[in-house]
Amino acid sequence: MKTFPFSSERILLARLDRGDDLLEALTALCAAERVEAGVIHAIGAVERAVVGYYDQAAGHYERLVFEQGLEIANLNANVSIKDGAPFVHAHVTLSDADGRCVGGHLMPGTRVFACEIQLRAFTGAPPVRGLDEPTGLPLW
Ligand code: ZN
């Protein structure tokens, strides 16, 4: 186990624009606000979604594409450093017209309809991602 304690934080609310790529916009927000460590929560809706499912045996992400409007019932993410830049790792739960949910690891290609964000930026040495041999993932 690794821990990364922080002693202070800055809280920011933000709204994305219709048509934004959700993951790219979150990453751009962190870069613009110079956030290197933090957490993000968001709600809203998307016009299409792309999420990943990590196949643990195969060691790669399966890509799932949903070409429909969906609610962002929940978006939960963290911010750390990868390859020298702020990196957003986000998971989403998305609900359809019947209230049924799909979800997974947020990938590029998810197009925002509307999205309200709460960003908590931490001050201190950020976690840095590197290859974790047991999982094959870029972890802290
Ligand atoms: Zn993930």
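The rules behind the values
Residues numbered from 1 in each chain as written. Predicted model: local features only at pLDDT ≥ 70, side-chain atom pairs only at ≥ 80, totals over all residues. Heavy atoms only, no water. Donors = N, O, S within 2.8 Å, 3.2 Å for Na, K, Ca; no water. Helix = DSSP H or I, 4+ residues; strand = E, 2+ residues; numbered from the N terminus. Buried < 20%, exposed > 50% of the residue type's maximum accessible area, 1.4 Å probe, protein only. Polar contact = N/O pair within 3.5 Å; in protein donor to acceptor, adjacent residues only side chain to side chain. Contact = heavy atoms within 4.5 Å.

S.K.: In this structure, what is going on with the coordination of the zinc ion? I would like to understand it.
M.R.: Reference values for angles at a metal are 109.5 degrees in the four-donor tetrahedral case and 90 or 180 degrees in the six-donor octahedral case. Around the zinc ion, the donor atoms from the protein are H89 (NE2), H91 (NE2) and H105 (ND1), and they sit 2.0 to 2.1 Å away. Mapped onto the polypeptide sequence, the residues donating to the zinc ion form the spacing pattern H-x1-H-x13-H. Here H91, found in strand β5 (residues 85-95), pairs with H105, found in strand β6 (residues 101-106); they are 14 residues apart in sequence, far enough to count as distant. The exposure class assigned to H91 is partly exposed, which follows from its relative accessible area of 39%. With relative accessibility at 15%, the residue H105 sits in the buried group.

S.K.: Would you explain the side chain of T110 in this entry?
M.R.: Examined against the element boundaries, T110 turns out to sit in the loop between β6 and β7 (111-123). Here V50 takes part through its backbone nitrogen, which lies 2.9 Å from a polar atom of the side chain of T110. At a separation of 3.3 Å, a polar atom in the side chain of T110 contacts the main-chain carbonyl oxygen of M107. Among all residues touching T110, those that are not within four sequence positions of it are D20, D21, L22, V46, R48, A49 and V50.

S.K.: Whenever I open this one, unusual backbone geometry confuses me. Can you help?
M.R.: For residues other than glycine, phi is negative in most cases, and the peptide bonds are mostly trans. Even without being glycine, R34 reaches a positive phi, approximately 55°. Inspection of the secondary structure puts R34 in the loop between α1 (22-32) and β2 (38-55). At D83, a position not held by glycine, the phi torsion is positive, near 55°. By relative accessible area, which is 73% here, D83 ends up exposed.

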